[in-house]
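Residues per chain are reported as follows:
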There are 2 protein chains.
Amino acid sequence: MSERRPGEIPEATVARLAVYLRVLTGLVDASTVTVSSEELAAIAGVNSAKLRKDLSYLGSIGTRGVGYDVTLLREKIASSLGLTQRRTCVLVGIGNLGHALAGYSGFSSRGFTFVGYFDADPGRMGEPIADSQISDISELESVVESNGVSIGVIATPAEAAQTVCDRLVDAGVTSILNFAPSVLSVPDNVDVRKVDLAAELQILSFHEHRKSRGLGDGLVESVG
Amino acid sequence: MSERRPGEIPEATVARLAVYLRVLTGLVDASTVTVSSEELAAIAGVNSAKLRKDLSYLGSIGTRGVGYDVTLLREKIASSLGLTQRRTCVLVGIGNLGHALAGYSGFSSRGFTFVGYFDADPGRMGEPIADSQISDISELESVVESNGVSIGVIATPAEAAQTVCDRLVDAGVTSILNFAPSVLSVPDNVDVRKVDLAAELQILSFHEHRKSRGLGDGLVESVG
DNA sequence: AACGGCTTGTGAACGCATGCACAAAGTGAG
DNA sequence: CTCACTTTGTGCATGCGTTCACAAGCCGTT
Ligand SMILES: NC(=O)c1ccc[n+]([C@@H]2O[C@H](COP(=O)([O-])OP(=O)(O)OC[C@H]3O[C@@H](n4cnc5c(N)ncnc54)[C@H](O)[C@@H]3O)[C@@H](O)[C@H]2O)c1
Ligand SMILES: NC(=O)c1ccc[n+]([C@@H]2O[C@H](COP(=O)([O-])OP(=O)(O)OC[C@H]3O[C@@H](n4cnc5c(N)ncnc54)[C@H](O)[C@@H]3O)[C@@H](O)[C@H]2O)c1
């Protein structure tokens, strides 16, 4: 009953696998051959037992008494994350943030190929961007369909996000990364991840607040 | 033992409070007076029981049979997140991403004031940016100390992140938002949140992989 | 003032995630 | 081959987070 089917990796683990992958790539570059769970966990900033449990979902990869083969482990994680094939993406909303994302080389080096950059502003049409150019949003569907794009990145204002999302989904996109501060509704088969930078700062603000509260006195304010 | 001290809000709840706050601000703008947990939860995209439990950590705010006073609830959440005072921040690393962040108006409108933009590139010194200008990284400490800055945002390359982080912490910053793909070590009293965009795409990639696996056959690939 | 209808606040059950602690399993020396 | 040493993989306990379900409480009506 508590058995987890092979291939069923917990969500929290998946998020950390991406971190391990990055660390391992660094180790490969440094020609490191093997690494113990203790070392790897230290670099990745996690508990070593947690790391071993995470890796155990991929099967038995390590060698007791030795550790993990860096190259092999890296490949195994990449394969689990579906990174053996490059994934095609489109970016919608080429403003402030969109330009930064388009100019970032880290996506390509990690296996993501952007095949389209779309904006609604007619004045931006044709503007060169990252070895390509900005296309009109009207071409979204044809590019998505002809390239079999599976991931859409939304960097439009919040008001436009749901509309853009609907168009992406209708065209066949099944994963969305949303930078707009808005909640998207999508069918069950579509995954959405959001990046809410203002919320990140507010969470930090909360902890600042909590810390400064503790300094003055040990009293808890209570009304009523 | 299972009692939670008043003021002790779970981490998962804090993250959602930021979302509720944004939704409520929208409702205030639309002159909405009261809202039920069911309505608010629908807009925020969460389960209504979860929302009520989240709000219950702030005290008893709603009115049974009626719902929540939008303005009051908004203020209560803002206060819990420590947003009654504006928070001062600095941004380090004014490249691709740094420019986008500096040009974003959403931070200021949500209570965050950036009092310094720093870069190590001498060629960028004095370049105008967001009603201010780029300062040399050597001025970091004095600006942080004289403004009582509590939040530092790092948008430098990964190699520089730990060094910048150490300087921020030494200067008195106690919260850090890190965009560089690197794990930062900090003292216990400092909070770090990281935004790893490539990891976000990799998590989506995992789910794409999982989805496409289920389509072909029910077989699990296993290498003996 | 009593009642019916609605919505909050929360007890309780469940499931997921974390971390300890150790048996199992491999290595290498002698 | 045996033994001492190292490190993995995991059973188990604990804690956190989510969801259900409902008693408690408030409002408007009669
Ligand atoms: N810039 C940041 O650092 C930052 C930080 C946090 C959140 N965000 C969020 O990211 C999103 C983008 O921010 P930005 O600063 O780049 O805004 P921006 O206004 O600079 O850019 C938005 C772009 O989207 C385009 N657009 C508008 N409607 C569109 C549509 N229907 N289809 C296609 N394109 C459309 C606009 O023409 C514009 O180019 C916003 O939702 C913002 O809240 C940005
Ligand atoms: N641009 C993106 O969309 C994006 C996406 C994901 C992650 N990131 C990460 O965000 C970070 C910044 O990305 P970017 O695209 O803006 O890179 P960038 O190279 O355009 O900008 C980095 C800036 O940091 C400055 N810098 C370098 N060392 C410094 C130091 N010690 N002190 C102060 N400033 C220093 C550089 O002069 C440069 O201006 C990187 O770590 C990158 O991996 C960026």
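Definitions and cut-offs
Residues numbered from 1 in each chain as written. Chains lettered and ligands numbered in written order. Predicted model: local features only at pLDDT ≥ 70, side-chain atom pairs only at ≥ 80, totals over all residues. Heavy atoms only, no water. Contact = heavy atoms within 4.5 Å. Buried area = accessible area lost by both parts, 1.4 Å probe. Salt bridge = Lys/Arg side-chain N within 4 Å of Asp/Glu carboxyl O. Helix = DSSP H or I, 4+ residues; strand = E, 2+ residues; numbered from the N terminus. Nonpolar A, V, L, I, M, F, W, Y, C, P; charged D, E, K, R; others polar. Pairing = 2+ DSSP bridges. Buried < 20%, exposed > 50% of the residue type's maximum accessible area, 1.4 Å probe, protein only. Arc of directions from axis to C-beta. Polar contact = N/O pair within 3.5 Å; in protein donor to acceptor, adjacent residues only side chain to side chain. Axes fitted to C-alpha atoms, helices over the stretch in contact; angles between N-to-C directions. Parallel < 35°, antiparallel > 145°, perpendicular 65-115°, else oblique. Near = heavy atom within 4 Å.

Colleague: Lay out the interface of chain A and chain B in plain terms, naming residues and giving numbers.
Modeller: On the chain B side, the residues contacting the 62 residues of chain A number 63 residues. Between chain A and chain B, roughly 5,600 Å² of surface is buried when both sides are summed, and carbon and sulfur atoms account for 63% of that area. Counting the contacts that link chain A with chain B gives six salt bridges. The partner of A:Glu200 in a salt bridge is B:Arg193, and the shortest N-O contact between them spans 2.4 Å. Looking at which element gives the most residues to the side of chain A that touches chain B, the answer is helix 9 (residues 197-216) of chain A, with 15 residues. When its residues are assigned to classes, the side of chain A that touches chain B shows 34 nonpolar, 16 polar and twelve charged.

Colleague: Hey, could you go over the sheet that holds strand 7 (residues 151-154) of chain B for me, with residue numbers and the actual values?
Modeller: Strands pair in a sheet through their backbones, by hydrogen bonds, and they do so in one of two ways: parallel or antiparallel. All names here are of chain B. On the basis of which strands lie adjacent, the open sheet formed by seven strands has the order 5-6-4-3-7-8-9 and mixed pairing. One side of each edge strand has no neighbouring strand; the edge strands of this open sheet are strand 5 (128-129) and strand 9 (191-194). Pairing geometry for strand 5 and strand 6 (residues 132-136), over two bridges, is antiparallel. Paired with Ile129 across the strands is Ser132, a residue of strand 6.

Colleague: Please set out helix 3 (residues 48-56) of chain B residue by residue, giving values where relevant.
Modeller: All names here are of chain B. Those residues of helix 3 that sit buried are Ser48, Leu51, Asp54 and Leu55. Axial view of helix 3: buried residues confined to an arc of 115°, hence all on one face. Looking at the buried residues of helix 3, the elements they touch are helix 1 (11-29), helix 2 (37-44), strand 2 (68-69) and helix 4 (70-80). Near the N-terminus of helix 3, the side chain that reaches the backbone nitrogen of Ala49, with its oxygen 2.7 Å away, is that of Asn47.

Colleague: Got a sec to walk through the packing of helix 1 (residues 11-29) of chain A against helix 2 (residues 37-44) of chain A? Specific residues and values, please.
Modeller: Residues and elements named next belong to chain A. At a minimum axis separation of 10 Å, helix 1 and helix 2 run at an interaxial angle of 110°. Between helix 1 and helix 2, the angle falls in the class roughly perpendicular. Together, Val19, Tyr20, Val23, Leu24 and Leu27 of helix 1 and Leu40, Ile43 and Ala44 of helix 2 make up the contact between the two elements. Class assignment for the residues of the contact of helix 1 with helix 2 results in eight nonpolar, no polar and no charged.

Colleague: An account of the site of ligand 1 is needed here, citing residue identities and associated values.
Modeller: Near ligand 1 lie 24 residues; those nearest to it are A:Leu97, A:Asp119, A:Arg124, A:Thr156 and B:Tyr104. For ligand 1, an oxygen atom lies 2.9 Å from a polar atom in the backbone of A:Asn96. The contact in question runs from an oxygen atom of ligand 1 to an N or O atom on the side chain of A:Asp119, over 2.5 Å. Counting only elements with at least two residues in the shell around ligand 1, the list comes to helix 5 (96-102) and helix 8 (158-171) of chain A together with helix 5 (96-102) of chain B. Of the residues contributing to the shell around ligand 1, the split by class is 17 nonpolar, four polar and three charged.

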